[in-house]
Amino acid sequence: MTTIEDLLQQPATVEERKTPILDESSKREIRRACLTAVAVPGYQVPFGSREMPVARGWGSGGLQITLAVVGRDDVVKVYDQGEDGGVNAANLRRLIRSAEPVTTTTDPREADVIQTRHRVPEDVLVDGQILVLQVPVPEPLRGVERDMTELRRMHAEADYAKMWVSLYEDIVRNGIITQTTGYPCLVGGRYVIATTPIPRWDVPPLHQARFLSLFGAGREKRIYAIPPHTDVEPLTFEDVPFQVEEVVEPCRCGLIQPDEEPGAYLVELPGQTGETVWACSDTDWCARRRLEAGLLGEDAIDALEVDL
Amino acid sequence: MSPHTQPRQRGMIGGTAATALAVERLGKIYGPGGPEAVEGTGPEFARSVSPSTGAVIGCWDVSFAVAPGEALGIIGESGSGKSTVMRCIAGDQSASAGSVNLAGVDRPGGTPADLLQLAPSDRRALRIDRLSVVYQDPAEGLDLRVSAGGNIAEPLTAAGWRHFGRIRQRAADLLSRTEVPLDRMDDPVLTYSGGMRQRVQLAKALANDPQVVLLDEPTTGLDASVAAGVLDLIRDLLEETGIAAVVVSHDFSVIEMLTRRCLVMHHGRVVEEGLTDQLLEDPQHPYSQRLVGAARG
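Here goes a summary of the coordinates provided. Since this is a predicted model, take the numbers as computed values, not measurements.

### Description of the packing of aromatic side chains
Two descriptors summarise a pair of aromatic rings, namely the distance from one centre to the other and the angle between the planes of the rings.
Residue and element names in this part refer to chain A.
Okay, step 1: Tallying each qualifying case throughout the model produces six aromatic pairs over all chains.
Okay, step 2: Centroid distance Y43 to Y191: 5.6 Å. Interplanar angle 50°. Geometry classified as tilted. Here Y43, found in the loop between α3 (24–39) and β1 (45–46), pairs with Y191, found in strand β7 (residues 191–194); they are 148 residues apart in sequence, far enough to count as distant.
Okay, step 3: Taking relative accessible area as the criterion, Y191 reaches 13% and is therefore assigned buried.
Okay, step 4: Judged by centre distance (4.6 Å) and plane angle (5°), the rings of F215 and Y224 are stacked. As far as the burial class goes, F215 and Y224 line up, both buried.
Okay, step 5: Over the ring of Y79 we find K77; its NZ or CZ atom is 4.2 Å from the centre of that ring.
Okay, step 6: When the ring centre of Y191 is taken as reference, the NZ or CZ atom of R190 above it lies at 4.2 Å.

The structure is reproduced here in structure tokens:
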């Protein structure tokens, strides 16, 4: 019989504190969807998206993949718009750690699984690493066709003429292709995918990458993948080259200057007096660079991992 | 591109006059029953509804061939089955019987492939560069929210064009050929008049130099003076390009202007066929006589 004393007892080990969110058969179903997605790069695999302790649209798809693919003693990084300290990232990180026997980090180079919203780390990821992307709208053709049956036919027959027409129209109207995030890309020469809302800056690292990218859309119940060493070509015309975001102003720490290679993806922030300042979107990467440059104390890195 | 298609040939093949499009005993039954349902329908019974099964016989036993560069007319009152024939050839509807051959579309052995037996995806692939359709309603053939240039870019990109400048140039060439003012090329087709929409549809249909174009009542929705202009244009284009055409219309003046040979359809059957001018002068079948009489007032 459970006594009050038992209930008040603190769990003896970390292991005992785990309260799994997904049961093993759910994990298996999600892993099978991931395997199918890897086998058919770019194809959107339907899966039985579960109710998560986060609202749909808040990373429930990415969370399910992460929970399903992590193994014992894996190291997990969760970040949001490049920021490890974002509220949603911190909550998801805590949730994952409470549910699975994993440790967490902010350094993508140490991580086995990196769950992200809207960014790919500036660091070069390597073999064996898995990037899990939270996807709001997995269907790249949603903007050009609404009929689901017709959408499936278009993907099945690789009939992407309407997508090309929308790019043509964009150039005619605006002089450039205006799609900034979620740029449509052809994966493995076959399926067009939406590269979630990652900026254009993050599209080239997906091409012939050494890591596995898994895209999870919880609300739309779809999983798709870019396996390692797969071609990812942004759709564009032969005479209209694909361009990434430019660094127009120096970064506030001064380490990123316009026209300097390799650069980084900067975001615009309001400054103290209402002026605009530019900052590296990837906070962990920026902190490490500033540390190397002697602009930051050692303890600043540890402070990055915000756990409320 | 369909695996069945061979490099395209035009004009004379093997020293004999080639056929661009051949339709054999085409039939379409809406509703229950197979060929037995056809019994008791047709002009001699003056009905299209099967007395045995209640099925509607859209068309039955329709055969014709069109040579490269030839325009063939199909005329009949509304409900006579002429549009059904067109849609079965185009692949918008599945046929119940018969066969359709398009020059150059062969089975792996080299014998002509029956379009009606092709996989739906292969049939759609033919619509990119071999078989075009101009519909009576421009909304069916065009995306009205997209610009005229964009509508033409669709078949071009489907055929593999990936150079923005060349796509634009090709679209401009086609639009100037179909007499659409180029300064309106980037406006949504929604903002165009009916006659201009039809011209854009024509330009789109010609984008990839198809072998055969099917024109389904191309001027019916237009007022008389605009229709005359579009008809003139179609006639010139057919002469210039040497594309084979099938023109479906209920209007003898359209058929007379565009075609030299035509079929008359009634209750889903072909009741008479012949040279257009002879048929107009001297119709043999009572229904043709009625049609001509009505047209001549």
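### Thoughts on the sheet that holds strand β1 (residues 21–30) of chain B
Residues and elements named next belong to chain B.
Okay, step 1: An order of β2-β1-β4 is seen for the three strands of this open sheet, with the pairing classed as antiparallel. Single-partner strands in this sheet number two, and they are β2 (56–66) and β4 (97–102). Taking the axes of each pair of neighbouring strands and ignoring which way they run, one obtains an average angle of 15° across the sheet.
Okay, step 2: Sheet topology places β1 next to β2; seven bridges connect them, and they run antiparallel. Opposite L26, over in β2, you have V62 as the bridge partner.

### Things to note about unusual backbone geometry
Comment: phi is negative for the bulk of residues other than glycine, and the bulk of peptide bonds are trans.
Okay, step 1: A cis amide bond, omega -5°, links E261 of chain A with the succeeding residue P262 of chain A.
Okay, step 2: By secondary structure assignment, the location of P262 of chain A is in the loop between β10 (232–234) and β11 (266–270).
Okay, step 3: Despite not being glycine, D73 of chain A shows a phi value in the positive range, around 70°.
Okay, step 4: Of note, D73 of chain A is situated in the loop between α4 (60–69) and β2 (75–80).
Okay, step 5: Judged by its relative accessible area of 61%, D73 of chain A falls in the exposed class.
Okay, step 6: For A46 of chain B, which is not glycine, the phi torsion reads 55° and is therefore positive.

### Overview of the interface of chain A and chain B
Okay, step 1: Tallying the contact residues gives 15 residues for chain A and 20 residues for chain B.
Okay, step 2: Approximately 1600 Å² of surface area, both sides summed, lies buried where chain A meets chain B, with 62% of it carried by carbon and sulfur atoms.
Okay, step 3: Between chain A and chain B we count two salt bridges in total.
Okay, step 4: A salt bridge links R166 of chain B to E238 of chain A; the shortest N-O distance between them is 3.6 Å.
Okay, step 5: For the pair chain A and chain B, the interface holds seven residue pairs in polar contact (both at pLDDT 80 or more).
Okay, step 6: With nine residues, the top contributor of residues to the side of chain A that touches chain B is helix α7 (residues 161–174) of chain A.
Okay, step 7: Each residue belonging to the side of chain A that touches chain B can be placed in one class, and the counts come to eight nonpolar, no polar and seven charged.

### Quick word on the sheet that holds strand β9 (residues 269–275) of chain B
Residues and elements named next belong to chain B.
Okay, step 1: Taken in spatial order, the six strands line up as β5-β6-β7-β3-β8-β9 in an open sheet, and their pairing is mixed. The open sheet has two edge strands with one neighbour each: β5 (131–134) and β9. Direction aside, neighbouring strands of the sheet carry axes that sit 15° apart on average.
Okay, step 2: The pairing of strand β6 (residues 212–216) with strand β7 (residues 244–249) spans five bridges and is parallel. Paired with L214 across the two strands is V246, which belongs to β7.
Okay, step 3: Docked against the sheet, helix α10 (residues 286–296) engages β3 (71–75), β8 (261–266) and β9, running at close to 105° with respect to β8.

Parameters and conventions
- Residues numbered from 1 in each chain as written.
- Chains lettered and ligands numbered in written order.
- Predicted model: local features only at pLDDT ≥ 70, side-chain atom pairs only at ≥ 80, totals over all residues.
- Heavy atoms only, no water.
- Phe/Tyr/Trp six-rings, centres within 6.5 Å; stacked < 30°, edge-to-face > 60°.
- Helix = DSSP H or I, 4+ residues; strand = E, 2+ residues; numbered from the N terminus.
- Buried < 20%, exposed > 50% of the residue type's maximum accessible area, 1.4 Å probe, protein only.
- Lys NZ or Arg CZ within 6 Å of the ring centre and 35° of its normal.
- Pairing = 2+ DSSP bridges.
- Axes fitted to C-alpha atoms, helices over the stretch in contact; angles between N-to-C directions.
- Contact = heavy atoms within 4.5 Å.
- Buried area = accessible area lost by both parts, 1.4 Å probe.
- Salt bridge = Lys/Arg side-chain N within 4 Å of Asp/Glu carboxyl O.
- Polar contact = N/O pair within 3.5 Å; in protein donor to acceptor, adjacent residues only side chain to side chain.
- Nonpolar A, V, L, I, M, F, W, Y, C, P; charged D, E, K, R; others polar.

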